Amino acid sequence: MPEPISPRDRLIVALDMASTDEAERLIARIGDAASFYKIGYRLGYAGGLGLAERLVRGGHKVFLDLKLHDIGNTVEEGVQSLAGIGATFLTVHAYPQTMRAAASGRDKAGGGLKILGVTVLTSYDDADAREAGYALPVADLVALRAAAAKAIGIDGIVCSAAEAAQVRAVIGPDRLIVTPGIRPAGAAIGDQKRVVTPAEAMRAGVDHVVVGRPITGAADPRDVARRIVDEMAAAL
Ligand SMILES: O=C(O)c1cc(=O)[nH]c(=O)n1[C@@H]1O[C@H](COP(=O)(O)O)[C@@H](O)[C@H]1O
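Sequence order sets the numbering: in each chain, residues are counted from 1 along the sequence as written. Per-residue local features of the predicted model are confined to residues with pLDDT of at least 70, and side-chain atom pairs are confined, for both listing and counting, to 80 or more; whole-chain, interface and lining totals are unaffected and use all residues. Excluding hydrogens and water, the side-chain values take into account all heavy atoms of the structure.

## Topic: the sheet that holds strand β7 (residues 176–179)
For step 1, the next point in the chain: One closed barrel accounts for eight strands, arranged β1-β2-β3-β4-β5-β6-β7-β8; its pairing is parallel. Here the strands of the sheet are splayed against their neighbours by 25 degrees on average, with no regard to which way each runs.
For step 2, the next point in the chain: Seen against the sheet, helix α8 (residues 164–171) touches β6 (156–158) and β7 and runs at an angle of roughly 160 degrees to β7. A pair of strands is treated as paired once DSSP finds two or more bridges between them. Runs of H or I in DSSP of at least four residues are treated as helices and runs of E of at least two as strands, each being numbered from the N terminus. Every angle, taken between N-to-C directions, lies between 0 and 180 degrees, and every axis is a line fitted to C-alpha atoms, over only the stretch in contact when it is a helix. Note on contacts: a residue pair is in contact if any heavy atoms of the two residues lie within 4.5 Å.

What follows is the structure, given as structure tokens:
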């Protein structure tokens, strides 16, 4: 069975900000209310990889959300380069060829980087999947990709907490489920479609929740982070 994860370490704050200065100001305001930060496209392409290294050196955990998807050789070599940063998680799209290449890059690099397969984005519903050419409903596509991720040896799955129980049944207890599309009760949903509260996510067996705008856009980000951690602790 995996190690127990403390409620605070279950929260991953998405640093979807324009600059590393802005991100560092937010991290300082959040203080010890969070320990785990996600760097995605916006910050990653604006100096975020250097910030990732600084955060790791400072004792934080880092999730590199770069959602790699390319020919196998490019993915494998990209993962090998990124493994040197010291991050905990790296995302790739959950296509079998891409996941095989990422697993190979991870294994060649050694170290502790875990690969997460992004199944179906939480901004998609069944109509969006149909529009993209998929005949399967989102929940079935998530389950199919989770099964492929497990077979290939990927470390964890990104999906909506709405599918977490189904994904857990597919991947078993040893792999991680990481869920964005998290909204505390009453928070603005924005462009997300498959949203779940922090408490419901814990009850569905999620390991880590990813929260961006409800924290980054709050007047008091530290207070919102604390409330989310408390809500998860009470639900575990
Ligand atoms: O891989 C991700 O982190 C991700 C996958 C997914 O399906 N949906 C999703 O929202 N995300 C990311 O999770 C974060 C959610 O941010 P908020 O909607 O602001 O809480 C963003 O940084 C997204 O890029």
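## Describing the UniProt feature "active site" (unreviewed entry) in the protein
For step 1, the next point in the chain: UniProt positions are given in the numbering used here, feature names are shortened, and annotations may be inferred rather than shown by experiment. The positions UniProt marks with the feature "active site" (unreviewed entry) are D65, K67 and D70. Looking only at the residues we just named, the largest pocket is lined by D65 and K67.
For step 2, the next point in the chain: On the secondary structure map, K67 appears in strand β3 (residues 61–68).
For step 3, the next point in the chain: Excluding residues that lie within four positions of it along the chain, K67 makes contacts with Y41, T91, V92, H93, V118 and L121.
For step 4, the next point in the chain: Polar contacts involving the side chain of K67 include one to the side chain of D65, which spans 2.8 Å.
For step 5, the next point in the chain: Structurally, the position occupied by D70 is in the loop between β3 and α4 (72–82).
For step 6, the next point in the chain: When a residue's accessible area, from a 1.4 Å probe over protein chains only, is under 20% of the maximum for its type it is buried; when over 50% it is exposed; and in between it is partly exposed. With relative accessibility at 43%, the residue D70 sits in the partly exposed group.
For step 7, the next point in the chain: Once you skip the residues sitting within four places of it in the chain, D70 turns out to touch V75 and T98. Cavities and pockets were defined on a 1 Å grid built from protein atoms only: a cavity is a group of points that admits a 1.4 Å probe but offers it no way out, a pocket is an open group of points flanked by protein on both sides within 12 Å along at least five of seven lines, and a lining residue is one with an atom within 4 Å of any such point. Contacts described as polar in this section are N or O atom pairs within 3.5 Å, which, within protein, must combine one atom able to donate a hydrogen with one able to accept it, while residues neighboring in sequence count only if both atoms come from side chains.

## A look at the site of the ligand
For step 1, the next point in the chain: The local shell around the ligand holds 17 residues, among which D16, K38, T122, R183 and R213 are the closest.
For step 2, the next point in the chain: For the ligand, an oxygen atom lies 2.7 Å from a polar atom in the side chain of R183.
For step 3, the next point in the chain: Per-residue and other accessible areas follow the Shrake-Rupley method at a 1.4 Å probe size, with only the shown protein chains counted as cover for residues. For the ligand, whose unbound accessible area comes to 510 Å², protein coverage reaches 89%.
For step 4, the next point in the chain: Taking a 2 Å distance to the grid points as the criterion, the majority of the atoms of the ligand fall inside the largest pocket.
For step 5, the next point in the chain: Looking at the shell around the ligand, the elements that each hand over two or more residues are β3, β8 (208–211) and α10 (213–216).
For step 6, the next point in the chain: Just so you know the grouping, Ala, Val, Leu, Ile, Met, Phe, Trp, Tyr, Cys and Pro go in nonpolar, Asp, Glu, Lys and Arg go in charged, and all remaining residues, Gly too, go in polar. Residue composition of the shell around the ligand, by class: eight nonpolar, three polar and six charged. Note on terminology: near, applied to a residue and a molecule or strand, indicates that one of the residue's heavy atoms is within 4 Å of it. Think of it this way: if more than half of a molecule's atoms are within 2 Å of a pocket's grid points, that molecule is in the pocket or cavity.

## Concerning the UniProt feature "domain: Orotidine 5'-phosphate decarboxylase" (unreviewed entry) in the protein
For step 1, the next point in the chain: Under the present numbering, the feature "domain: Orotidine 5'-phosphate decarboxylase" (unreviewed entry) in UniProt falls on residues 10–228.
For step 2, the next point in the chain: Helix makes up 46% of residues 10–228 and strand makes up 17%, while its end C-alpha atoms are separated by 10 Å.

## Description of helix α11 (residues 221–235)
For step 1, the next point in the chain: Multiply 1.5 Å by the residue count of a helix minus one, and that product is the helix's expected span. Helix length check: α11 (15 residues) gives 21 Å between terminal C-alpha atoms against 21 Å at 1.5 Å per residue, within 8%.
For step 2, the next point in the chain: Among the residues making up α11, those that are buried are P221, V224, A225, I228, V229, M232 and A235. Seen along its axis, α11 keeps its buried residues to an arc of 135 degrees; they face one direction. More than 90 degrees from the buried face of α11, the exposed residues found are R227, D230 and A234.
For step 3, the next point in the chain: Contact partners of the buried residues in α11: α1 (7–10), β1 (11–14), α2 (20–30), α9 (198–203), β8 and α10. Regarding the arc, it is the one traced by the directions from the helix axis to the C-beta atoms.

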